[in-house]
Amino acid sequence: MKVLLVCLGNICRSPTAEGVLRTLAEREAPQLALQFDSAGTSGYHIGAPPDPRTMAAAQRRGYDLSALRARRVRPDDFTSFDLLLAMDEDNLADLRAQAPRSAQPRLKMFLEFAPDLGRLDVPDPYQGTAPDFDLVVDLVERGARGLLRALATQSSRSLRPAGSAGE
Ligand code: 4NP
């Protein structure tokens, strides 16, 4: 299962989600064969490491994002990823506009996996201050735990023989 996390610049929200998901998946769901990557809908920061404020907020919570580098979403992402998860509604609209029809069902909002939050957007922190970057980590951890729970449930269902569901 390959999951792409998508935001605008690929230097704040989606690299946070990639780093948090990799860490939590390794720690809490090592039995699932999961791959995570991230990309931006814009090309403003191609090749750049995550924003220093993003790296600091992640580090405060134990996540190391220093090896990540920004890239833009490319056409083959729509065929090679099983799920493409947008950080806000604008990112989802941009993805929907670029994606072929066959990929549309695989495009979703990241926070759909944390319905208790009652919100779908991880707000863009770029013009903000440290608390805005801490909020990104808070929301991303909630979404990541929900996504890993959903993937674990899906994996256990797919292991069941056909016709045994619900019995
Ligand atoms: P991200 O944040 O989409 O979470 O990576 C942003 C990074 C850069 C810009 C906007 C948002 N920018 O305008 O350069």
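A quick note: this is a predicted structure, and the numbers were derived from the prediction, not measured.

### A few points about the site of the ligand
So, step 1. Taken together, Cys7, Leu8, Gly9, Asn10, Ile11, Cys12, Arg13, Tyr44, His45, Asp124 and Tyr126 make up all the residues around the ligand.
So, step 2. Contact distances for the ligand include 2.7 Å between an oxygen atom and a side-chain N or O atom of Arg13.
So, step 3. Taken by itself the ligand offers 350 Å² of open surface, and the protein chains cover 89% of this.

### Considering the sheet that holds strand β3 (residues 83-86)
So, step 1. The four strands lie next to each other as β2-β1-β3-β4, forming an open sheet whose pairing is parallel. Here the strands that pair on one side only, and so sit at the sheet edges, are β2 (35-40) and β4 (107-109). Across the sheet, the mean angle from the axis of one strand to that of its neighbour is 30°, orientation sign disregarded.
So, step 2. Pairing of β3 with β4, which is carried by three bridges, proceeds in the parallel orientation.

### Observations concerning helix α2 (residues 52-60)
So, step 1. Of the residues making up α2, those classed as buried are Thr54, Ala57 and Ala58. Looking straight down α2, one finds its buried side chains confined to an arc of 100°; they lie on one side. Facing away from the buried side of α2 by over 90 degrees, the exposed positions are Pro52 and Arg60.
So, step 2. For α2, the N-terminal capping position is held by Asp51, with its side-chain oxygen 2.8 Å away from the main-chain nitrogen of Arg53.

### Comments concerning the environment of Met1
So, step 1. Counting through the fold element by element, Met1 comes out in the segment before β1 (2-7).
So, step 2. Its relative accessible area of 32% is what places Met1 among the partly exposed residues.
So, step 3. In this structure, the C-alpha to C-alpha distance between Met1 and Asp116, residues 115 residues apart in sequence, is 25 Å.
So, step 4. The residues touching Met1, leaving out its near neighbours within four places in the chain, are Ala33, Leu34, Gln35, Asp82, Leu151 and Gln154.

### As for the packing of aromatic side chains
So, step 1. One pass over the full model with this rule turns up zero aromatic pairs.
So, step 2. Above the ring of Phe81, the side-chain terminus of Lys2 is found at 4.8 Å from the ring centroid.

### So, the pairing of β2
So, step 1. In the sheet, β1 pairs with β2 via six bridges, with the strands oriented parallel. Across the sheet, the residue bridging to Leu5 is Ser38, located in β2.
So, step 2. Read as a crossover between parallel neighbours, the route from β1 over helix α1 (residues 13-28) to β2 is right-handed.

Thresholds applied
- Residues numbered from 1 in each chain as written.
- Predicted model: local features only at pLDDT ≥ 70, side-chain atom pairs only at ≥ 80, totals over all residues.
- Heavy atoms only, no water.
- Near = heavy atom within 4 Å.
- Polar contact = N/O pair within 3.5 Å; in protein donor to acceptor, adjacent residues only side chain to side chain.
- Areas by Shrake-Rupley, 256 points an atom, 1.4 Å probe, with all protein chains shown as cover.
- Pairing = 2+ DSSP bridges.
- Helix = DSSP H or I, 4+ residues; strand = E, 2+ residues; numbered from the N terminus.
- Axes fitted to C-alpha atoms, helices over the stretch in contact; angles between N-to-C directions.
- Buried < 20%, exposed > 50% of the residue type's maximum accessible area, 1.4 Å probe, protein only.
- Arc of directions from axis to C-beta.
- Contact = heavy atoms within 4.5 Å.
- Phe/Tyr/Trp six-rings, centres within 6.5 Å; stacked < 30°, edge-to-face > 60°.
- Lys NZ or Arg CZ within 6 Å of the ring centre and 35° of its normal.
- Right-handed = clockwise from strand over helix to strand, strands pointing away.

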